[in-house]
Amino acid sequence: MRPSPYAVRVSAPAAKVLDVLPEHAADTVWDVLATASVRPWGYPQFDTDDDEGGDVRYAAVGRLSVTYWINRSQHSLTVLNIVWLG
């Protein structure tokens, strides 16, 4: 039996970025988050020098990057930042 996907929450600053992204970039963000919700530790750790920060992950696809925090107790992901270099 597969575990249920993590819920995805978007912080207010990240939501502002998401609102102004081109449609194809926004679609890519949601694709990345769909993958992350099933395998949250599948993307690299944001700061590998931080021994306690293993739950902050960084997903980069082309000119797009998404930084999210894995909240284990709430079984959710919170999108902290979205960067689009378009």
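What counts and what doesn't
Numbers given to residues run from 1 along each chain, matching the order in which its sequence is written. Given that this is a predicted model, residues contribute local features only at a pLDDT of at least 70 and side-chain atom pairs are listed and counted only at 80 or more, while totals for whole chains, interfaces and linings are drawn from all residues. The side-chain quantities take in all heavy atoms of the structure and omit both hydrogens and water. Only DSSP runs of H or I covering at least 4 residues are called helices, and only runs of E covering at least 2 are called strands; the numbering of each starts at the N terminus. Here the globule rule is a power law, 2.2 Å times the number of residues to the power 0.38, and the radius of gyration is based on C-alpha atoms. Only protein chains enter the accessibility calculation, which uses a 1.4 Å probe; a residue whose area is less than 20% of its type maximum is buried, one above 50% is exposed, and one in between is partly exposed. Whether two residues are in contact is decided by their heavy atoms, any of which lying within 4.5 Å being enough. In summary, the charge assignment counts Lys and Arg as positive and Asp and Glu as negative, without counting His or the chain termini. Where a charge sits is defined by one atom per residue type, namely NZ (Lys), CZ (Arg), CG (Asp) or CD (Glu). Note on pairing: two strands pair once DSSP finds at least 2 bridges between them. Interaxial angles span 0 to 180 degrees and are taken between N-to-C directions of axes, which are lines fitted to C-alpha atoms, for helices over the stretch in contact.

Participant: Is there a simple way to think about the overall build of the chain in this case?
Facilitator: Across its full length, the chain carries 2 helices and 4 strands. For the chain, the α and β elements follow one another from N to C terminus as β-α-α-β-β-β. For 86 residues, the compact-globule estimate of 2.2 N^0.38 gives 12 Å, and the chain sits close to it at 13 Å. Each principal axis of the C-alpha distribution contributes one length, and for the chain these read about 35 × 35 × 25 Å. The proportion of buried residues among the 86 residues of the chain is 36%. Contacts spanning at least 24 positions in sequence make up 47% of the contacts within the chain whose residues lie at least 6 apart. Between the mean site of the 7 positive side-chain charges and the mean site of the 10 negative ones, the chain shows a separation of 6 Å.

Participant: Just to check I follow, could you spell out the environment of Asp-47 for this structure?
Facilitator: Here Asp-47 lies in the loop between helix H2 (23–38) and strand S2 (56–61). Judged by relative accessible area, which is 38%, Asp-47 ranks as partly exposed. Sequence spacing of Asp-47 and Arg-57 is 10 residues, and the spatial spacing of their C-alpha atoms is 8.2 Å.

Participant: I would appreciate a short explanation of the sheet that holds strand S4 (residues 76–84) in the present structure.
Facilitator: Within a sheet, adjacent strands bond to each other through the backbone by hydrogen bonds, running parallel or antiparallel. Spatially, the 4 strands line up as an open sheet ordered S1-S4-S3-S2, and their pairing is mixed. The sheet terminates laterally at strand S1 (7–10) and S2, the two strands that pair on one side only. Averaged over all pairs of adjacent strands, the angle between their axes in this sheet comes to 30 degrees, without regard to strand direction. Pairing analysis gives 6 bridges linking S2 to strand S3 (residues 64–71), with the strands arranged antiparallel. Within the sheet, the bridge partner assigned to Ala-59 lies in S3 and is Val-66. Contacting S1 and S4, helix H1 (residues 12–20) crosses the sheet at an angle of about 50 degrees to S4.

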